[in-house]
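Chain by chain, the residues:
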Amino acid sequence: WADGAYKECEDFDLLSEYYIFYSADNTTYEVSILKSKNKDDVSKLVDVFERRKQTLSQGDKAEYDPNFEKRMSESKIITEGEFVILLITPETSAAVDAIESLKQ
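Remember, it's a predicted structure, so these values are computed and weren't measured experimentally.

Cut-offs used in this document
Each chain has its residues counted from 1, running along the sequence as written. Only residues with pLDDT of 70 or above have their local features reported here, since the model is predicted, and side-chain atom pairs are shown and tallied only from 80 upward, although totals for entire chains, interfaces and linings are computed over all residues. Excluding hydrogens and water, the side-chain figures rest on all heavy atoms present in the structure. Here is the rule: rings of Phe, Tyr and Trp (six-membered ring for Trp) pair when centre to centre is within 6.5 Å. Planes less than 30 degrees apart are stacked, more than 60 are edge-to-face, and the remainder are tilted. Burial classification: accessible surface area is computed with a 1.4 Å probe over protein chains only, and a residue below 20% of its type maximum counts as buried, one above 50% as exposed, and the rest as partly exposed. For a Lys NZ or an Arg CZ to count as sitting over a ring, it must be within 6 Å of the ring centre and within 35 degrees of the ring normal. By nonpolar core is meant a set of buried Ala, Val, Leu, Ile, Met, Phe, Trp, Tyr and Cys residues that side-chain atoms within 4.5 Å join together. What counts as a helix is a DSSP run of H or I of at least four residues, what counts as a strand is a run of E of at least two, and both are numbered from the N terminus. We call two residues in contact when some of their heavy atoms are within 4.5 Å.

Applying the stated criterion across every chain yields a total of 1 aromatic pair. Ring centres 5.9 Å apart and planes at 80° place the aromatic pair Phe-21 and Tyr-29 in the edge-to-face group. For Phe-21, a relative accessible area of 40% translates into the label partly exposed. Over the face of the ring belonging to Tyr-22 we find Arg-52, whose NZ or CZ atom lies 5.5 Å from the ring centre.

What follows is the structure, given as structure tokens:
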């Protein structure tokens, strides 16, 4: 998932919980949340999401999703405490706003 098919991701040992939702059709859409066992490892989980974005960009999804480039350029990685969130959505800014409103 993070580094491509059939590649082990040792960083998953850093997780206490996770949620990964992505579209299985032609639309590029992903909301993933990783919770680190240790807050000191959050930056390593940010790297996992950066690699995930790179893996997506190296695939062929751009050939059949006309919104691929826009969604990838507008994607966000958010950190909060021990949580790291990847957002690749049609309305990423609205998703970020919704997450920020939960903090209040």
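Text resumes after the structure shown.
Of all hydrophobic cores here, the largest spans 15 residues; its most connected members are Leu-34, Leu-45, Val-48, Phe-49, Met-72, Val-84 and Ile-88. Only helix H1 (42-58), helix H3 (68-74) and strand E4 (83-88) provide two or more residues apiece to this core. By residue number, the principal contributor to this core is H1, which donates 5 residues. Apart from residues no more than four positions distant in its own chain, Leu-45 is found in contact with Asp-11, Leu-14, Leu-15, Leu-34, Lys-35, Ser-36 and Val-84. Core analysis: the next-biggest nonpolar cluster, separate from the first, contains 6 residues, Ile-78, Leu-87, Val-96 and Ile-99 among them.

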